[in-house]
Amino acid sequence: MKDEAKPLKVDGDGNETLAHAVGEMLNQFGALYGREISYEELAQESGIAYSSDNGALVYSEQENILGGYTQECQYPFYIVYRLNSTAEWQNLAAAQFMDNIGKWICGEPVTINGEETALEHFPALSGNRVIKRIVRQNYYALEPNASGVQDWLLPVTVQYTNEIPPKW
């Protein structure tokens, strides 16, 4: 069994940068129909939010000949879609929404209102950070609570580099 990579440290400035960029990107998704995806805020019975999993993490760091560093980093987060319904058609709609937003943020084409669309470019980040890739896992539904409120989760990871210039 291959050892799973472990983070070396936290990219402290990257956490705020990535949280902001991810929020702006998610809110450009064409199938929101006036809704907004908020950061770590959900109403008790419905809504869409995203939440950082562990913050921005540095997985590798290489020093260059000038004394600067190149860091390979990740920003894992979840998209949470909450609804108050046990109706099968609403569960199917939630599953379709999660699949479509997952495809879209990874740059895959999706069809919204009969038109094919895709995320054209990843958002620019502050400093010397550049998003290289966004990958998603499979979405899944949590068990509904006693009142029928159910959360759907989509784990996503932003992979990015951070170039740190020499200190001189």
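Since we're looking at a predicted model, the values are computed, not measured. Starting from 1, residues in each chain are numbered consecutively following that chain's sequence as written. The predicted nature of this model means local features are confined to residues of pLDDT at least 70 and side-chain atom pairs, given and counted, to a pLDDT of 80 or more, with totals for whole chains, interfaces and linings taken over all residues. Excluding hydrogens and water, the side-chain values take into account all heavy atoms of the structure.

### Side note on the overall build of the chain
Test applied: Numbering of helices and strands runs from the N terminus, with a helix taken as a DSSP run of H or I at least four residues long and a strand as a DSSP run of E at least two residues long. Type-normalised accessible area, obtained with a 1.4 Å probe on protein chains alone, sets the label of each residue: buried when under 20%, exposed when over 50%, and partly exposed for intermediate values. Throughout, a contact is declared for two residues whenever any of their heavy atoms are within 4.5 Å. For the accessible areas, the method is Shrake-Rupley and the probe is 1.4 Å, while residue cover comes only from the protein chains on display. Charge assignment in this entry is limited to Lys and Arg as positive and Asp and Glu as negative, and neither His nor the chain termini are counted. Charge placement uses NZ in Lys and CZ in Arg. For Asp and Glu, CG and CD serve respectively.
A count of helical and extended segments in the chain gives 2 helices and 10 strands. The helix and strand sequence of the chain, counted from the amino end, reads β-α-β-β-β-β-α-β-β-β-β-β. If one aligns the C-alpha atoms of the chain with their principal axes, the spans along those axes are about 60 × 35 × 35 Å. For the chain, buried positions account for 40% of its 168 residues. In the chain, the share of contacts with a sequence separation of at least 24, taken over all contacts with a separation of at least 6, comes to 65%. Working note: accessible area of the chain is about 10,100 Å², and carbon and sulfur atoms make up 47% of it. Put simply, the chain has 11 plus and 23 minus side-chain charges, and the middle of one group is 6 Å from the middle of the other.

### Considering helix 1 (residues 12-26)
The test is simple: What a helix is expected to span follows from its residue count: subtract one and scale by 1.5 Å.
Its 15 residues give helix 1 an end-to-end C-alpha distance of 22 Å, which sits within 8% of 21 Å, the value for a rise of 1.5 Å per residue. Among the residues of helix 1, Gly-14, Thr-17, Leu-18, Ala-19, Ala-21, Val-22, Gly-23, Met-25 and Leu-26 are the ones counted as buried. Buried-residue contacts for helix 1 involve strand 2 (37-39), strand 3 (47-52), strand 5 (69-84), helix 2 (88-105), strand 8 (129-136) and strand 10 (149-164).

### Regarding the side chain of Asp-151
As a reminder of what qualifies: By the criterion applied in these results, polar contacts are pairs of N or O atoms within 3.5 Å in which, for protein atoms, one can donate a hydrogen and the other can accept it, and in which residues neighboring in sequence qualify only through two side-chain atoms.
Relative to the elements of secondary structure, Asp-151 occurs in strand 10. A distance of 2.6 Å separates the side chain of Asp-151 from the side chain of Arg-82, its partner in a polar contact. If near-sequence neighbours (up to four positions away) are discounted, Asp-151 is found in contact with Val-80, Tyr-81, Arg-82, Tyr-140, Ala-141 and Leu-142.

### Considering the nonpolar core
Put simply, the rule reads: Put simply, buried Ala, Val, Leu, Ile, Met, Phe, Trp, Tyr and Cys residues joined by side-chain atoms within 4.5 Å make one nonpolar core.
In terms of nonpolar packing, the biggest core is built from 38 residues, with Phe-77, Ile-79 and Ile-105 touching the most fellow members. Looking at this core, the elements that each hand over two or more residues are helix 1, strand 3, strand 5, helix 2, strand 6 (110-112), strand 8 and strand 10. Top element by residues in this core is helix 2. It accounts for 7 residues.

### Section: the packing of aromatic side chains
The test is simple: Here a Phe, Tyr or Trp ring, Trp counted by its six-membered ring, pairs with any other such ring whose centre lies within 6.5 Å, and the pair is stacked when the planes are under 30 degrees apart, edge-to-face when over 60, and tilted otherwise.
A full pass over the atoms with the stated rule returns 7 aromatic pairs. Ring geometry for Phe-29 versus Phe-97: centroids 5.7 Å apart, planes at 70°, classification edge-to-face. One end of the pair, Phe-29, is in the loop between helix 1 and strand 2; the other, Phe-97, is in helix 2, and 68 residues separate them in sequence. Relative accessible area serves as the criterion here: at 3%, Phe-29 is assigned to the buried category. Accessibility expressed as a relative area gives 8% for Phe-97, which makes it buried. Each ring, one from Tyr-75 and one from Phe-77, has its centre 5.9 Å from the other, and the planes form 35°; the classification is tilted.

### Quick look at the pattern of salt bridges
Side chains that carry opposite charge are capable of pairing whenever their charged atoms lie near each other. Where we set the bar: When a carboxyl oxygen of Asp or Glu lies within 4 Å of a side-chain nitrogen of Lys or Arg, that pair is called a salt bridge.
Throughout the structure, instances matching the rule amount to 5 salt bridges. Note that Lys-103 and Asp-99 form a salt bridge whose closest N and O atoms lie 3.3 Å from each other. Here Asp-99 and Lys-103 lie together in helix 2, a separation of 4 residues that amounts to about one turn. A relative accessible area of 25% places Lys-103 in the partly exposed class. Look at Asp-99 and you get buried, because its relative accessible area is 17%. Each of Asp-99, Lys-103 and Arg-136 takes part in a single network of salt bridges with overlapping partners.

### Some points on the confidence of the model for the chain
Close inspection of predicted coordinates is inappropriate for parts of the model with low pLDDT. Stated formally: A residue's pLDDT is the confidence the predictor assigns to it, expressed on a 0 to 100 scale.
Overall, the predicted model of the chain reaches an average pLDDT of 92, with 98% of residues at or above 70. Mean pLDDT per element in the chain: strand 1 (residues 9-10) is the minimum at 89, and strand 8 is the maximum at 97.

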